[in-house]
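# Overview (structure and organization)
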Amino acid sequence: NLEEGVVVEGERMSASAVRLLKRGNNAWLEVVLEEGKNRQVRRMFESIGHPVMRLKRTRIGMLSIGELKPGEARRLTKAEVEALRKQAFDQKRKASKRVGAKQ
């Protein structure tokens, strides 16, 4: 179960949520990660014998791709920029607390 976690190359990885969108030989799944590691989705699925043929990111944090087509871009709103700054600050603070706790 990917939500409970799998060990890949000695590293424990898990998904926050996995939802089946389409059944069949070419199944589609929605995978939610809290913090994605390098090629995490591909590595997790490979470890359970299901290679990923195509991967599409639909959201990063609170930013949704929406109707943007590949190669398109849009300007972030002031609210989005502030939310991203807050999120980055919070993550940095949490990381520094973890480092301090290990010492």
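For the structure, see preceding data.
Let me begin by describing the structure that accompanies this report. (Residues numbered from 1 in each chain as written. Predicted model: local features only at pLDDT ≥ 70, side-chain atom pairs only at ≥ 80, totals over all residues. Heavy atoms only, no water.)

### What to know about the pattern of salt bridges
Operational definition: We define a salt bridge as a side-chain nitrogen of Lys or Arg found within 4 Å of a carboxyl oxygen belonging to Asp or Glu. Only DSSP runs of H or I reaching four residues or more are called helices, and only runs of E reaching two or more are called strands; each is numbered from the N terminus. Classification of residues uses two cut-offs on accessible area relative to the type maximum, computed with a 1.4 Å probe and protein chains only: under 20% is buried, over 50% is exposed, and between them is partly exposed.
For the structure shown, the criterion picks out eight salt bridges. Taking the shortest distance from any N to any O, the salt bridge between Arg43 and Glu9 comes out at 3.5 Å. With a gap of 34 residues between them, Arg43 in helix H1 (residues 40–47) and Glu9 in the loop between strand E1 (6–8) and strand E2 (11–13) connect regions that are remote in the sequence. In this structure Arg43 comes out as buried when scored by relative accessible area, which is 19%. In this structure, Arg43 engages Glu11 in a salt bridge whose closest nitrogen and oxygen atoms are separated by 3.4 Å. Remark: Glu11 occurs in strand E2 and Arg43 occurs in helix H1; sequence separation between them is 32 residues. Overlapping salt bridges bring together Glu9, Glu11, Lys37 and Arg43 as one network.

### Remarks on H1
Basically, it comes down to this: In what follows, residue pairs with any heavy atoms lying within 4.5 Å of each other are defined as contacts.
Of the positions making up H1, those classed as buried are Gln40, Val41, Arg43, Met44 and Phe45. On its buried side, H1 packs onto E1, E2 and strand E4 (28–32). Backbone geometry just after H1 places Gly49 at a positive phi near 80°.

### Focus on the environment of Arg43
Short version of the rule: Under this definition, polar contacts are N or O atom pairs within 3.5 Å; protein pairs additionally need one hydrogen-donor-capable and one acceptor-capable atom, and for neighbouring residues in sequence, both atoms have to be side-chain atoms.
Remark: the alpha-carbon pair of Arg43 and Glu11, spanning 32 residues in sequence, is separated by 11 Å. Discounting residues that sit within four places of it in the chain, Arg43 has contacts with Val8, Glu9, Glu11, Met13 and Asn38. A distance of 3.4 Å separates a polar atom in the side chain of Arg43 from a polar atom in the side chain of Glu11.

### Examining the nonpolar core
Note the cut-off: Put simply, a nonpolar core is a bunch of buried Ala, Val, Leu, Ile, Met, Phe, Trp, Tyr and Cys residues held in one set by side-chain atoms that sit within 4.5 Å of each other.
If you look at the biggest cluster of nonpolar residues, it comprises eight residues: Leu2, Val6, Val8, Met13, Ala15, Val41, Met44 and Phe45. Of all the elements in the fold, those that place two or more residues in this core are E1 and H1. Per element, the largest residue contribution to this core is three residues, and it comes from H1. Among residues more than four places away in sequence, those in contact with Ala15 are Leu2, Glu3, Val31, Val32, Leu33 and Met44.

### Examining the side chain of Arg43
Within the structure, Arg43 has its side chain in polar contact with the side chain of Glu9 (distance 3.5 Å). In terms of polar contacts, Arg43 uses its side chain to reach the backbone carbonyl oxygen of Asn38, at 3.0 Å.

### A few points about the layout of surface pockets
Rule in force here: Cavities and pockets were defined on a 1 Å grid built over protein atoms only: a cavity is a set of grid points that admits a 1.4 Å probe from which the probe cannot escape, a pocket is an open set flanked by protein on both sides within 12 Å along at least five of seven lines, and lining residues are those with an atom within 4 Å of any such point. Grid points are joined across faces, edges and corners, and a volume is the space filled by probe spheres set on the points. Residues were grouped as follows: Ala, Val, Leu, Ile, Met, Phe, Trp, Tyr, Cys and Pro as nonpolar; Asp, Glu, Lys and Arg as charged; and all remaining residues, including Gly, as polar.
Considering only enclosed or pocket space, the largest pocket measures out at about 1800 Å³ in volume. Along its surface, the largest pocket is lined by 41 residues, and Val31, Val32, Leu33, Val41 and Leu55 are the ones closest to its centre. Secondary-structure elements contributing two or more residues to the lining of the largest pocket are E4, H1, strand E5 (59–60) and helix H2 (78–102). Per-element tally for the lining of the largest pocket: the top contributor is H2, with nine residues. Classifying every residue of the lining of the largest pocket by side-chain character gives 18 nonpolar, nine polar and 14 charged.

The values reported here are purely geometric and, on their own, carry no functional implication.
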